[in-house]
Amino acid sequence: MWKKRLFFLLLAGVVLWPLARDEALPADAQADLPAEMKYIALTFDDGPRRGTTERLLDGLRERGASATFFLVGEEIAGSEDLVRRMAAEGHQVGNHTWSHVRLAGTAPETAEEEVRRTQAALEELLGEGTYWLRPPYGLIDEDMETDVPMVKWSVDPRDWESRNAAQVTQAVLRDARPNAIILLHDIYPSSVEAALKIVDALEAEGYWFVTVEELLRLNGVTPEAGVMYRSGRG
């Protein structure tokens, strides 16, 4: 399956090369993609967690699929190797605050500290970078400024509620569309089981699993700081 991932990276390089040369490309511009290509993004919140995240990474590697992980800062200690592995294996790593606090309605200084602490932890592990933010519950005050893009979702099977792999799988497959961003949580064994079934089913339908950043850029969207993205179309 790594050959499949390599093929995607080569294809993405061909598609994205013109974008890299033209930083002024409008955010709503569309890339000239082959009509038969279907891209989708799996995202995972609340990790990392020893056991479940490790199993998920193993499964994604076997399938040549990429994902995006939004990490809770206080969960990183003791799982630093998993975070490094995410980055090394081509997954996107993002920020889900330090303690999973609801940013909307929280004092500005507290909200900023929650984001800053996780940003610092990720930079210490992975180096300086742009670690996109997923606000817990997808909520943030309109006047809160961020210097990175933010990510919501377009498919939510509420896996945290049912904890049932079959139900979660069915819900995602029912709602999956090209350019969708799927929300799951890698802290539940049922969600990991569902995620791998979802990858198997959708890859059989011709889908390619990419990171959120890749999904946007493959659609000609230039990510902007402070903007909340819900799908590959913006």
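Residues numbered from 1 in each chain as written. Predicted model: local features only at pLDDT ≥ 70, side-chain atom pairs only at ≥ 80, totals over all residues. Heavy atoms only, no water.

Chemist: So what's going on with the overall build of the protein chain? Which residues, and what values?
Modeler: In terms of regular secondary structure, the protein chain is built from 8 helices and 7 strands. In the protein chain, which comprises 234 residues, the proportion classed as buried is 53%. When the accessible surface of the protein chain is totalled, it reaches about 10800 Å², and 50% of it is carbon and sulfur. (Helix = DSSP H or I, 4+ residues; strand = E, 2+ residues; numbered from the N terminus. Buried < 20%, exposed > 50% of the residue type's maximum accessible area, 1.4 Å probe, protein only. Areas by Shrake-Rupley, 256 points an atom, 1.4 Å probe, with all protein chains shown as cover.)

Chemist: Before we move on, can you summarise the pattern of salt bridges with the specific residues and values?
Modeler: A full pass over the atoms with the stated rule returns 13 salt bridges. Close ionic contact of Asp 45 with Arg 134 constitutes a salt bridge, the shortest N to O distance being 2.8 Å. With Asp 45 in strand S1 (residues 38–45) and Arg 134 in the loop between helix H4 (108–126) and strand S4 (150–151), this residue pair connects regions lying 89 residues apart in the sequence. Take Asp 45 and Arg 134: they sit in the same class, and that class is buried. Put simply, Arg 63 and Asp 200 hold a salt bridge, and the shortest N to O gap is 2.7 Å. Remark: Asp 200 occurs in helix H7 (residues 189–204) and Arg 63 occurs in helix H2 (residues 52–63); sequence separation between them is 137 residues. (Salt bridge = Lys/Arg side-chain N within 4 Å of Asp/Glu carboxyl O.)

Chemist: So, the pairing of strand S2 (residues 68–71): which residues are in play, and what are the values?
Modeler: Going residue by residue along S2, you find Thr 68 and Phe 70 tucked away on one face and Phe 69 and Leu 71 tucked away on the opposite face as well. Bridge count between S1 and S2: 3 bridges; the pairing is parallel. Counted as the bridge partner of Thr 43 is Thr 68 from S2. For the handedness criterion, the β-α-β arrangement of S1, H2 and S2 is classed as right-handed. Here S2 pairs with strand S3 (residues 92–95) via 4 bridges, running parallel. The residue of S3 that forms the bridge with Phe 69 is Val 93. Taken together, S2, helix H3 (residues 80–88) and S3 form a β-α-β motif whose crossover is right-handed. (Pairing = 2+ DSSP bridges. Right-handed = clockwise from strand over helix to strand, strands pointing away.)

Chemist: Describe the environment of Ala 65, with residues and values.
Modeler: Mapped onto the secondary structure, Ala 65 falls in the loop between H2 and S2. The class of Ala 65 is buried, set by a relative accessible area of 4%. When the C-alpha atoms of Ala 65 and Val 199 are compared, they prove to be 7.6 Å apart, with 134 residues separating the residues in sequence. Residues contacting Ala 65, with those up to four places away along its chain left out, are Leu 60, His 91, Val 199, Glu 203 and Phe 209. (Contact = heavy atoms within 4.5 Å.)

Chemist: Please set out the pairing of S1 residue by residue, giving values where relevant.
Modeler: The element S1 is largely enclosed, with a buried count of 7 among its 8 residues. Bridging between S1 and strand S6 (residues 207–209) involves 3 bridges; their strand directions are parallel. Looking across to S6, one finds that Lys 38 is bridged to Tyr 207.

Chemist: Describe H2, listing the residues and the values that go with them.
Modeler: Here H2 contains 12 residues, and its C-alpha end-to-end distance of 17 Å stays within 8% of the 16 Å for a straight helix at 1.5 Å per residue. What H2 keeps buried is the set Thr 52, Thr 53, Leu 56, Leu 57, Gly 59, Leu 60 and Arg 63. Down the axis, H2 shows its buried residues gathered within 165° of arc, on one side only. For H2, the secondary structure elements touched by its buried residues are S1, S2, H3 and H7. Among the residues trailing H2, Gly 64 stands out with phi positive, at a value near 65°. (Expected span 1.5 Å × (residues − 1). Arc of directions from axis to C-beta.)

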